[in-house]
Amino acid sequence: MHRIVIVGGGAGGLELATRLGDTLGKSGRANVTLVDRCPTHIWKPLLHEVATGSLDTNAHQLEYAAQAHWHHFEFTLGELVGLDRASKSLRLAAVLDAESREEVLPPRELTYDNLVLALGSQTHFFGVPGAQANAIPLDTPEQAEKLRRRLLQTCIRKGSKSCEINFPGVVNVAIIGGGATGVELSAELRRMEKAFRKFGLHAANQESDINITLLEAGPRLLPALSPRVATITTDLLRKLGIQVSVGDPVTKVDRDSVTTKSGSCVPADITIWAAGIKAPDLLANLDGIEVNRINQVKVTRSLQSQTDSNIFAFGDCACCSWKDDRFVPPRAQAAHQQAAFLAKSLRARVSGFSPREFKYSDRGSLVSLGAASAVGNLMGGVIGGSIMIEGLIAKFMYAALYRKHLATVAGVRRMLIDSLVHGLRRVGMPRVKLH
Ligand SMILES: Cc1cc2nc3c(=O)[nH]c(=O)nc-3n(C[C@H](O)[C@H](O)[C@H](O)COP(=O)(O)OP(=O)(O)OC[C@H]3O[C@@H](n4cnc5c(N)ncnc54)[C@H](O)[C@@H]3O)c2cc1C
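All of the points below concern the structure found in this document. Each chain carries its own residue numbering, running from 1 in the written order of its sequence. Selection of residues for local features in this predicted model requires a pLDDT of at least 70, selection of side-chain atom pairs for listing and counting requires 80 or more, and totals for whole chains, interfaces and linings are taken over all residues. The side-chain figures draw on all heavy atoms in the structure; neither hydrogens nor water molecules are used.

**Concerning the site of the ligand**
Residue proximity to a molecule or strand is established when one non-hydrogen atom of the residue lies within 4 Å of it. Residues in contact with the ligand amount to 30 residues; listed here are only the nearest, Gly12, Asp36, Leu80, Asp316 and Ala332. Backbone polar atom of Gly12 to an oxygen atom of the ligand: 2.8 Å apart, as the coordinates give it. Throughout this description, a polar contact denotes any pair of N or O atoms lying within 3.5 Å of each other; where both atoms belong to protein, one of them has to be capable of donating a hydrogen while the other can accept it, and for residues adjacent in sequence the pair is counted only when both atoms sit in side chains. Between Asp36 and the ligand, the recorded distance is 2.7 Å, taken from a side-chain N or O atom to an oxygen atom. Contact with the protein chains removes 90% of the 1,000 Å² of surface that the ligand exposes when unbound. Looking at the shell around the ligand, the element that brings in the most residues is helix α9 (residues 332-350), giving three residues. Amino acids are sorted into nonpolar (Ala, Val, Leu, Ile, Met, Phe, Trp, Tyr, Cys and Pro), charged (Asp, Glu, Lys and Arg) and polar (every other residue, Gly among them). A breakdown of the residues in the shell around the ligand according to their chemical character gives 13 nonpolar, eleven polar and six charged. Note on areas: Shrake-Rupley, 1.4 Å probe, and residue coverage restricted to the protein chains presented here. Runs of H or I in DSSP of at least four residues are treated as helices and runs of E of at least two as strands, each being numbered from the N terminus.

Here you go:
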């Protein structure tokens, strides 16, 4: 039977495995296997909410093993560490217990007829001195949890010391990178601060308990969105008491401060790095597969590797040309469109037809600005051009993006039940996790 192996069960990979399982897997025309280094899936655009405790990972994660059972594919837990294109086989590292480091599963090999790489991306520190050692990235649920615990503990520690004479108790947070992740995280932090204050976890008796500085190297926030959206966002963040610095790149990150090119030194109890991405380093040494300077697999318009037509790559880990020398951006909407395209394309390939060309359609971008607001551009479809939306309607549409992902991978019924259950659970519960 034709064997399709998808590595990476993120925004794109899980959708592709589900679509292929429901068709090729169910009808027995192909054996579909999903490989991921984690046993559960959480939609990556939710990570800033995990980091600030507004979203509980345990309540929002999907278990790959159950998803595989319900959607007729196989799931294999393991981290991809090597590839042999000649024998069409990939190597997975041993799975170790997180605490005892005992071996749970030995190193394994998997063979494929078609391999799909959907490994996503990781933080790019651009070699800034001290950044990797002192700043926390936001690539995985574990990192988001680590950041949440650091924020909570620092707030509690500093809040209790604020009782001492002359101790200000204010927590300084520096966020490096004024793209969507940095902006959303800074607005979410204000929400977290309100909850901490309300439940007495941290109150420095000042106007604000957390000093947030958002540092962007470029001339404005949100470089991927329109200048108007960037201006509105900057004004809104300043109204929330967030200090916004643009046009002054960070040159050094120390344990307790961040230095910029102009020489200013920003105090930072916690530094978060949200300034750029690259595909996993592993891809640069994967049996000669051609990659670009940020490790993304160079693919053709049919999303096949330019080096090996049996290997496909998509989402953040792939470099696919779009229009006017531009490339498909590393966004969840691109991963979703490519997953839907590849599901059709691989079905056609199994039936002996040649693959078609992927066309990316930019539907715009929305950026969340805390509990009740969002801002962004909508594009294409019935709108034709681009329109700007903000406020509650934008927030509603932003929330609908996750619901859409959930409906695609888990079905509309599960999405509706999930929304209802989580809506009810919020009644009488703190809006953020407090432990
Ligand atoms: C905080 C934050 C907010 C964001 N907000 C938005 C937004 O509002 N809108 C938007 O469009 N995009 C947003 N993005 C970007 C979006 O999350 C990504 O573009 C999208 O998740 C890419 O999907 P993917 O399938 O390529 O990779 P991912 O979703 O990153 O999935 C990669 C998967 O591969 C697995 N993996 C990695 N390496 C290995 C390995 N060696 N072996 C086995 N498995 C492996 C990982 O465990 C993971 O499950 C945001 C990103 C972040 C971090």
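**Quick look at helix α1 (residues 13-27)**
Here α1 is 15 residues long and its end C-alpha atoms lie 20 Å apart, about the 21 Å a rise of 1.5 Å per residue gives. Bend at a given residue is defined as the angle between two axes, one fitted to the seven residues that end at that position and one fitted to the seven that begin there. Along α1, the sharpest change in direction is near 45° and occurs at Gly21. Those residues of α1 that sit buried are Gly13, Leu14, Glu15, Leu16, Ala17, Thr18, Leu20, Gly21, Leu24 and Gly25. For a helix, the expected span equals 1.5 Å multiplied by the number of residues minus one. Whether a residue is buried, partly exposed or exposed follows from its accessible area with a 1.4 Å probe, protein chains only, as a fraction of its type maximum: under 20%, in between, or over 50%, in that order.

**Observations regarding unusual backbone geometry**
In this structure, Lys88 takes a positive phi of about 50° despite not being glycine. With respect to the helices, strands and loops of the structure, Lys88 is situated in the loop between β6 (80-84) and β7 (89-92). Look at Lys88 and you get partly exposed, because its relative accessible area is 27%. In this structure, Asp287 takes a positive phi of about 50° despite not being glycine. Among the secondary structure elements, Asp287 is positioned in the loop between β21 (277-278) and β22 (297-298). Classification of Asp287 by relative accessible area gives partly exposed; the value is 31%.

**As for helix α10 (residues 391-410)**
Its 20 residues give α10 an end-to-end C-alpha distance of 29 Å, which sits within 8% of 28 Å, the value for a rise of 1.5 Å per residue. Among all positions of α10, only Gly391, Ala394, Lys395, Tyr398, Tyr402, His405, Leu406, Ala407, Val409 and Ala410 are buried. A positive backbone phi angle near 100° is found at Gly411, which sits one or two residues after α10.

**With respect to the nonpolar core**
Taken as a class, soluble globular proteins show a tendency for nonpolar side chains to be buried jointly. As used here, the term nonpolar core means buried Ala, Val, Leu, Ile, Met, Phe, Trp, Tyr and Cys residues forming a set that is joined through side-chain atoms within 4.5 Å. Core analysis: the biggest nonpolar cluster contains 100 residues, and Leu16, Leu90 and Leu117 have the highest contact counts within it. Two residues qualify as a contact provided that any one of their heavy atoms is within 4.5 Å of a heavy atom in the partner residue. In this view, Leu90 contacts Val5, Val7, Leu80, Gly82, Leu83, Arg108, Glu109, Leu110, Tyr112 and Leu115; residues no more than four positions away in its chain are not counted. In this structure, Val128, Ile176, Val253 and Ala268 belong to the second largest nonpolar core, which totals 13 residues.

**So, the packing of aromatic side chains**
Aromatic pairs are defined between Phe, Tyr and Trp rings, using the six-membered ring for Trp, whenever the two ring centres lie within 6.5 Å; interplanar angles under 30 degrees are classed as stacked, those over 60 as edge-to-face, and all others as tilted. By the definition in use, this model includes five aromatic pairs. Where Tyr64 meets Phe75, the ring centres are 4.9 Å apart and the plane angle is 25°; that geometry is what we call stacked. With a gap of eleven residues between them, Tyr64 in helix α4 (residues 64-70) and Phe75 in strand β5 (residues 74-77) connect regions that are remote in the sequence. Judged by relative accessible area, Tyr64 falls into the buried class, the value being 3%.

**Section: a positive patch on the surface**
To count toward a patch, a residue needs a relative accessible area above 30% and no salt bridge. Like charges then connect within 9 Å, nonpolar side chains (Val, Leu, Ile, Met, Phe, Trp, Tyr) within 5 Å. Note on definitions: salt bridges are taken to be side-chain nitrogens of Lys or Arg within 4 Å of carboxyl oxygens of Asp or Glu. Charged residues are defined narrowly, with Lys and Arg counted positive, Asp and Glu counted negative, and His plus the chain ends left uncounted. Charge coordinates come from a single atom per side chain, which is NZ of Lys, CZ of Arg, CG of Asp or CD of Glu. A cluster of like positive charges, contributed by Lys146, Arg150, Arg157 and Arg255, occupies part of the molecular surface. Mapped onto the elements of the fold, Lys146 is located in helix α6 (residues 141-161). Residue class for Lys146 comes out partly exposed when judged on its relative accessible area of 45%.

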